[in-house]
Amino acid sequence: MTSAPAIIILGSSALPCARRIQALYPQAQIYGLSGRVAGVEQLYDNFGNTLRALYRAGTPIIALCAVGIVIRSLASVLGEKDCEPPVLAVAEDGSAVVPLLGGLGGVNRMAREVAAHLEVNAAITTSGELRFGTCLLEPPAGYVLADLEQGKGFVSDLLGGQTVRIEGDAPWLAQAKLPVDNSAARVIHISPHTRATNPDELLIHPQQVAVWVEQASPALVSELQQALQTSNLAAQSLACLLAVPALMANTELHAAAAQLKLPLRFIDDVSQLPPLHSQHANLRLLLAATPIDTSQLGRPRGRLTVIGLGPGAAEFMVPAARQALDEAQDLLGYETYINMAGPLRPEQVRHCTDNREEMQRARHAFELAASGRRVVVVSSGDPGVFAMAAAVLEALHESTDAEWQRVDLQVFPGVSAALATAAKAGAPLGHDFCLISLSDNLKPWAIIEKRLEHAAAADLVMAFYNPISKARPWQLGSALEIIRQQRTPETLVVLGRDIGRPGETLHTLTLGELTSEMVDMRTLVIIGSSQTCRFPRAEGGEWVYTPRSYPQI
Ligand code: SAH
């Protein structure tokens, strides 16, 4: 299965059964109709749109409702996909499991798994599968059918009464109820080798071949194709690319793995390698006796993704950040932000720390990622704005550890508090602006004063982060004094507190009215320029904006 299934329910009566199915697929998320269901991972407003979006994205769908609703909802998109995801309907009380679509995507296997888990029978209707107890066209993990079209004809022949022999080793076929006859004309070949296609044969490749890349090169893929050809091995028999950890950050190697759609694993101890089949210029082909379980061979390249959650509300988080969270094995961050990053799964390790231990957290993240884990460091807003991205880069810059340098490090942006607050108010950042943290924990107060003076003199709109705290009670007052020397009391100010979070507040006032007591550490302060203006909005309150054009001086 490519991705975790989505379990869709229409009402809370289906929730117990949905949770039982989720116990079988812990990565699955439950989607509930908003207003009818609460306490699930995802809420939706429109059943049909949600189902079609999941189908288009190739997400396996388990819908706890009548098959008719599912069929009608998906009818308009059915022709769009060559390889469709499994789609199952399950009676909301768990008494019936009906595989509907995705015969080649494993729907029958999923239906059997779900049915066994719910202790009922799956309503399997695929004739080949009913007769033989297995779908020859969809072999289990580790085996790949050489040619689907040819396979369809072959299975029809068997259904028509032809007998079959099996050549090669496939334990799963031994359990099937095939019409085996050792003198049969039809034959199933289980082999990592290529062979001329023949309508009387079904060729299934076990993924027994690994490629040991000794040296990366831009021609790696064509070299590999050449090597497979001279060795008479099928590309579909490939299980993975292997290399030494020193090649972990090599872009040619990654490009080749992506092009071949093969996992890439790194081996510290070469005695772990499968037996040598043939040696070629830059690579070796290795041939194991049985399909290779890639997850047990060496280790993957570790990944460290620094993400921003946005201001708070889930819909303002970028989808790439959500995906990184869903794929993470370890999460690091200030506890409040880790709690905001949900839904998380129980097996995802949360390393909650105090907000001030940023460098320690960054180093810990690299240690975990260097061991091959998928790690996410969480900030609020944008990770590059007074947050973890700079700390993570600082840790890497300081480090001489080669394993840290090889980690797949990425920074994903988020909606920063200034942008979120500005959007709520209208467009106060519509012209030139600057972002200033008023915290003097990491820089001298004199520097802040100088920046405020210059920014005020330049008539820049200013957004203040970390405006005040118990340990820094007077700084905001001093900052306002500096600004008041250059800006009139009528200058507009926007205060956004807990924007995008429960209890959010937004206030517009003037510089003359602003006092430190109106601000706390959860507030973002925007000081307008001489041009920032406001007007009433229909719902009450007002819009604030800074015009795009500036008067000619
Ligand atoms: N990386 C964050 C900023 C971290 S500094 C970002 O890009 O938004 C922390 C400061 O950001 C707080 O003191 C407050 O001034 C501001 N802030 C963060 N989230 C906020 C929110 N939801 N509403 C208002 N201000 C917020």
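As annotated in an unreviewed UniProt entry, the protein chain carries the name Precorrin-3B C(17)-methyltransferase and comes from Pseudomonas leptonychotis.

Draft legend 1. Structural context of the site of the ligand. In the region of the ligand, 20 residues are neighbours, and V385, S416, A417, M521 and T523 sit closest. Within the side chain of S416, an N or O atom sits 2.6 Å from an oxygen atom of the ligand. When the free accessible area of the ligand is taken as 540 Å², the share hidden by the protein chains comes to 93%. Split by residue class, the shell around the ligand holds ten nonpolar, six polar and four charged. The residues that make up the shell around the ligand include at least three from each of domain 4 (303-411) and domain 5 (417-545).

Draft legend 2. Inspection of the packing of aromatic side chains at higher detail. Applying the stated criterion to the full structure yields seven aromatic pairs. Over the ring of W543 we find R537, and its NZ or CZ is 3.7 Å from the ring centre.

Draft legend 3. Representation of the packing of helix α12 (residues 358-370) against helix α13 (residues 388-398) within the structure. One way to put it is that α12 packs onto α13 with a least axis distance of 9 Å and a crossing angle of 65°. Handedness of the crossing formed by α12 with α13: right-handed. Along its contact with α12, which presents E358, M359, R361, A362, R363 and F366, the element α13 presents M388, A391, V392, E394, A395, L396 and E398. Class assignment of the residues belonging to the contact of α12 with α13 gives a composition of eight nonpolar, no polar and five charged.

Draft legend 4. How the structure looks around the pairing of strand β28 (residues 542-545). One ladder, built from two bridges, connects strand β21 (residues 426-427) with β28; its direction is parallel. Of the residues in β28, the one forming a bridge with A427 is Y545. Strand direction decides the pairing type here: strand β27 (residues 533-536) and β28, joined by four bridges, are antiparallel. Residue pairing for β28: P536 is matched across the bridge by E542.

Draft legend 5. Spotlight on the pairing of strand β22 (residues 433-437). Relative to strand β23 (residues 461-465), β22 is paired through five bridges, and the arrangement is parallel. Of the residues in β23, the one forming a bridge with C434 is M462.

Draft legend 6. Structural view of the sheet that holds strand β24 (residues 492-497). Here five strands make up an open sheet; going across it, the order is β22-β23-β26-β24-β25 and the pairing mixed. Two strands in the sheet have a free side with no partner beyond their single neighbour: β22 and β25 (505-510). Taken over all neighbouring pairs, the strand axes of this sheet differ in orientation by 20° on average, direction set aside. Contacts from helix α15 (residues 417-425) reach β22, β23, β24, β25 and β26 (523-527), with the element oriented near 65° to β26. Along the sheet, helix α16 (residues 445-457) makes contact with β22 and β23, crossing β22 at roughly 160°.

Draft legend 7. Highlighting α12. For α12, which comprises 13 residues, the first-to-last C-alpha distance of 18 Å matches the rise-based estimate of 18 Å (1.5 Å per residue) to within 8%. Looking at α12, one finds that the buried residues are R361, A362, A365, F366, L368, A369 and A370.

Draft legend 8. Representation of the domain arrangement of the protein chain within the structure. Partitioning the protein chain into domains gives domain 1 (6-125), domain 2 (143-206), domain 3 (209-296), domain 4 (303-411) and domain 5 (417-545). One C-alpha centre belongs to domain 2, the other to domain 5; they are set 72 Å apart.

Draft legend 9. Geometry of the packing of helix α1 (residues 15-24) against helix α4 (residues 107-118). Between α1 and α4, whose axes approach to 10 Å, the crossing angle comes to 115°. Crossing of α1 against α4: the hand is right-handed. Contacts between α1 and α4 pair C17, R20, I21, A23 and L24 from the former with E113, V114, H117 and L118 from the latter. Here the residues of the contact of α1 with α4 are counted per class, giving six nonpolar, one polar and two charged.

Draft legend 10. Local environment of α13. Every buried residue of α13 is listed here: M388, A389, A391, V392, A395 and L396. On an axial view of α13, the arc spanned by its buried residues comes to 165°, and they lie on one face. α13 presents H397 and E398 as exposed residues on the side facing more than 90 degrees away from its buried surface. Contact partners of the buried residues in α13: β16 (303-308), α12, β19 (374-379), α14 (402-405) and β20 (408-412).

Draft legend 11. Examining the sheet that holds β16 more closely. A sheet is described by the order of its strands in space; here five strands give the open sequence β18-β17-β19-β16-β20, paired in parallel fashion. Each end of this open sheet is capped by a strand with a single partner; those strands are β18 (349-353) and β20. This sheet shows a mean twist of 15° between the axes of neighbouring strands, independent of strand direction. For strand β17 (residues 330-334) and β19, the ladder comprises three bridges, and the chain directions are parallel. Bridged to L332 within β19 is V377. Across the sheet, helix α10 (residues 319-327) is in contact with β16, β17, β19 and β20; its angle to β16 comes to roughly 135°. Across the sheet, α12 is in contact with β16, β17, β18, β19 and β20; its angle to β17 comes to roughly 180°.

How each quantity is defined
- Residue positions are given per chain, counting from 1 as you read along its sequence in written order.
- The model is predicted, so local features are restricted to residues of pLDDT at least 70 and side-chain atom pairs to those at 80 or more, both for listing and for counting; the totals for chains, interfaces and linings are taken over all residues.
- Hydrogens and waters are ignored; side-chain quantities use all the structure's heavy atoms.
- Think of it this way: one heavy atom of a residue within 4 Å of a molecule or strand is enough to make that residue near it.
- Think of a polar contact as two N or O atoms within 3.5 Å of one another; within protein, one of them needs to be a possible hydrogen donor and the other a possible acceptor, and neighboring residues in sequence only count if both atoms come from side chains.
- Only the protein chains shown count as cover for residues, with accessible areas throughout obtained via the Shrake-Rupley method and a probe of 1.4 Å.
- Residue type decides the class: Asp, Glu, Lys and Arg count as charged, Ala, Val, Leu, Ile, Met, Phe, Trp, Tyr, Cys and Pro as nonpolar, and the leftover types, Gly among them, as polar.
- Note that the domain bounds reflect an automated or database-derived domain assignment.
- When two rings of Phe, Tyr or Trp (its six-membered ring) have centres within 6.5 Å they constitute a pair, described as stacked for plane angles under 30 degrees, edge-to-face for angles over 60, and tilted for the intermediate range.
- When the NZ atom of lysine or the CZ atom of arginine is within 6 Å of a ring's centre and also within 35 degrees of its normal, the charge is said to sit over that ring.
- Between N-to-C directions, angles span 0 to 180 degrees; the directions come from axes that are lines fitted to C-alpha atoms, helices contributing only their stretch in contact.
- Secondary structure elements follow DSSP: runs of H or I of four or more residues count as helices, runs of E of two or more count as strands, with numbering from the N terminus.
- Working rule for handedness: look at the near helix, and if it is turned counterclockwise from the far one by less than a right angle, call the crossing left-handed; if clockwise, right-handed.
- Contacts are assigned to residue pairs that have any heavy atoms within 4.5 Å of one another.
- Pairs of strands are assigned from DSSP output, requiring at least two bridges between the strands.
- To estimate how far a helix should extend, the number of its residues minus one is multiplied by 1.5 Å.
- Each residue's exposure class comes from its accessible area (1.4 Å probe, protein chains only) as a fraction of the maximum for that residue type: buried when under 20%, exposed when over 50%, partly exposed otherwise.
- Arc definition: it is the arc formed by the directions from the helix axis to the C-beta atoms.

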